[in-house]
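Chain by chain, the residues:
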Amino acid sequence: MAGGGPSSFKRPESVLVVIFTAPGEVLLLRRADHVEFWQSVTGSLEWCEEDRLATACRELFEETGIVAETGWRDWGVSHRYEIFPQWRHRYRPGTLHNTEHVFSLELPGRVPVALRPAEHVAYEWLAWPAAVARVTSASNRWALEVLGRERGFLPS
């Protein structure tokens, strides 16, 4: 296995995918294992040297049922953050940090969403300011704020 990671543990490298519509709505998902936690699509890269865009596409489909060929943007930005204690058991012992790579996906409008109940129990399409207020993680909030200002959905 590449990277020396046993397949029973998650790789501490992931993607964040901010999904939004051209009119300015953001898709957020509520986690099943932490019901106060609202987020964009996220997920770990596989140990098989899966590239970041492939991970973003796979996670988008696994978490929402959405397939998108176009509208993707790789921000070329990564954040390193401490893994919440309740989720550290998923990683190799001693792993405390994850590196998250930021992507966004622009859709022309809302599309149907099919959640995996083991991962997420609810979703909402929210206006940009409401999405910024609801999202839980700091890196997700940062991405929403930057993209919202770029697109004119939030004040500069």
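So, here is what we can say about the structure in this document. (Residues numbered from 1 in each chain as written. Predicted model: local features only at pLDDT ≥ 70, side-chain atom pairs only at ≥ 80, totals over all residues. Heavy atoms only, no water.)

Quick notes on the overall build of the protein
Quick reminder of the rule: Comment: elements are numbered from the N terminus, with helices defined as DSSP H or I runs of at least four residues and strands as E runs of at least two. For the radius of gyration, the atom set is restricted to C-alpha positions; the globular benchmark scales as 2.2 Å times the number of residues to the power 0.38. The buried label goes to any residue with under 20% of its type's maximum accessible area, the exposed label to any with over 50%, and the partly exposed label to all in between, with areas taken from a 1.4 Å probe on protein chains only. The contact criterion used throughout is that any non-hydrogen atoms of two residues lie within 4.5 Å. Using a 1.4 Å probe, accessible areas were evaluated by the Shrake-Rupley method; residue-level cover was limited to the displayed protein chains. We count Lys and Arg on the positive side and Asp and Glu on the negative side, and we leave His and both chain ends out. In this description, the location of a charge corresponds to atom NZ of lysine, CZ of arginine, CG of aspartate or CD of glutamate.
When helices and strands are tallied, the protein shows three helices and seven strands. Put simply, the protein runs from its N terminus to its C terminus through helices and strands in the order β-β-β-β-α-β-β-β-α-α. In terms of overall size, the protein behaves like a compact globule, its C-alpha atoms giving a radius of gyration of 15 Å where 156 residues would be expected to give roughly 15 Å. Seen through its C-alpha atoms, the protein measures out along the principal axes to roughly 45 × 30 × 30 Å. Taking all 156 residues of the protein together, 44% fall into the buried category. Across the protein, every contact between residues at least 6 apart in sequence was considered, and the portion connecting residues at least 24 apart equals 70%. Summed over its atoms, the accessible surface of the protein is roughly 7800 Å², and 54% of this surface lies on carbon and sulfur atoms. Taking the average place of the 17 positive charges on the side chains of the protein and the average place of its 20 negative ones, the gap between the two points comes to 4 Å.

Describing the environment of Pro112
As for its placement among the helices and strands, Pro112 is situated in the loop between strand 6 (97–107) and strand 7 (120–127). Expressed as a C-alpha distance, the spacing of Pro112 and Ser137, which sit 25 residues apart in the sequence, is 25 Å. Apart from the residues lying within four places of it in its own chain, the contact partners of Pro112 are Thr64 and Ile66.

Thoughts on the layout of surface pockets
Test applied: Every definition here rests on a 1 Å grid over the protein atoms only: cavities are sets of points where a 1.4 Å probe fits but cannot get out, pockets are open sets enclosed by protein on both sides within 12 Å along at least five of seven lines, and lining residues have some atom within 4 Å of a point. Grid points are joined across faces, edges and corners, and a volume is the space filled by probe spheres set on the points.
Within this model, the largest pocket holds a volume of roughly 840 Å³. At the level of elements, strand 4 (41–44), helix 1 (52–64), strand 5 (72–82), strand 6 and helix 3 (138–151) are the ones that each hand at least two residues to the lining of the largest pocket. In terms of residue count, the dominant contributor to the lining of the largest pocket is helix 1 (four residues).

Focus on the environment of Leu126
For Leu126, the location among the structural elements is in strand 7. Take Leu126: its relative accessible area is 9%, and that puts it in the buried class. For the pair Leu126 and Gly24, spaced 102 residues apart in sequence, the C-alpha to C-alpha distance is 8.5 Å. The contacts of Leu126, once residues within four sequence positions are left out, are Gly24, Glu25, Val26, Leu28, Ala131 and Arg134.

A short note on the state of the cysteines
We count it as follows: Cysteine sulfur atoms that pair up within 2.5 Å are treated as a disulfide.
For the structure on display, the rule yields zero disulfides. In this structure Cys48 is a free cysteine whose sulfur lies 14 Å from that of Cys57, the closest cysteine sulfur available. Taking relative accessible area as the criterion, Cys57 reaches 29% and is therefore assigned partly exposed.

Topic: the nonpolar core
Let me state the cut-off plainly: Buried residues of nine kinds, namely Ala, Val, Leu, Ile, Met, Phe, Trp, Tyr and Cys, make up a nonpolar core once their side-chain atoms join them within 4.5 Å.
By size, the foremost hydrophobic cluster in this structure holds 19 residues, and its most contacted members are Val26, Leu28, Trp128 and Leu144. Where this core is concerned, the elements lending two or more residues are strand 1 (13–21), strand 2 (25–31), strand 7, helix 2 (128–134) and helix 3. If you tally residues by element for this core, the top one is helix 3, at four residues. Ranked by size, the runner-up nonpolar core spans 17 residues in total, among them Val15, Leu29, Val41 and Trp125.

By themselves, these observations are geometric and do not establish any function.
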